[in-house]
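Secondary and tertiary structure notes
Each chain, written out:
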Amino acid sequence: MDYNWDFLIIFGVIILGIFIYAGGKKIKRTKSSKAMDVLNESYAKGEITKEKYEEIKQTIGSKK
C-alpha cells in the first residue's frame, strides 16, 4: 500500500516539473513582430495598399 503513495508523489513531482519547464519556455515577442502582425492583418483586410504596406514594413524592419 505504501508503494502506491510513493508512486503518486513521484508522479506528481514529475508532472509539476513538466509544467514549470514548459511555462519557462514562453516565446518572447518583440514590438516589431507585434507591429508586423497588425500590419499584415491590415493588408489582408484590404485596409492599406501594397505600396503603403511595403513602406511601413520597411520602416518597421529598420527599427529592430
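Read on for an overview of the structure. (Residues numbered from 1 in each chain as written. Predicted model: local features only at pLDDT ≥ 70, side-chain atom pairs only at ≥ 80, totals over all residues. Heavy atoms only, no water.)

This brings us to the packing of aromatic side chains. According to the stated counting rule, one finds 2 aromatic pairs in the structure shown. A centroid spacing of 6.1 Å and a plane angle of 15° characterise the contact between Phe 7 and Phe 11, whose relative ring orientation is stacked. Separated by 4 residues within a single helix, Phe 7 and Phe 11 lie in helix H1 (residues 2-23), roughly one turn from each other. (Phe/Tyr/Trp six-rings, centres within 6.5 Å; stacked < 30°, edge-to-face > 60°. Helix = DSSP H or I, 4+ residues; strand = E, 2+ residues; numbered from the N terminus.)

We now examine a nonpolar patch on the surface. Together, Trp 5, Phe 7, Leu 8, Ile 10, Phe 11, Ile 14, Ile 15, Ile 18 and Phe 19 make up a nonpolar patch on the protein surface, roughly 990 Å² of accessible area in all. Locating Ile 14 in the fold gives a position in helix H1. Take Ile 14: its relative accessible area is 48%, and that puts it in the partly exposed class. (Patch = residues over 30% accessible without salt bridge, like charges linked within 9 Å, V, L, I, M, F, W, Y side chains within 5 Å. Areas by Shrake-Rupley, 256 points an atom, 1.4 Å probe, with all protein chains shown as cover. Salt bridge = Lys/Arg side-chain N within 4 Å of Asp/Glu carboxyl O. Buried < 20%, exposed > 50% of the residue type's maximum accessible area, 1.4 Å probe, protein only.)

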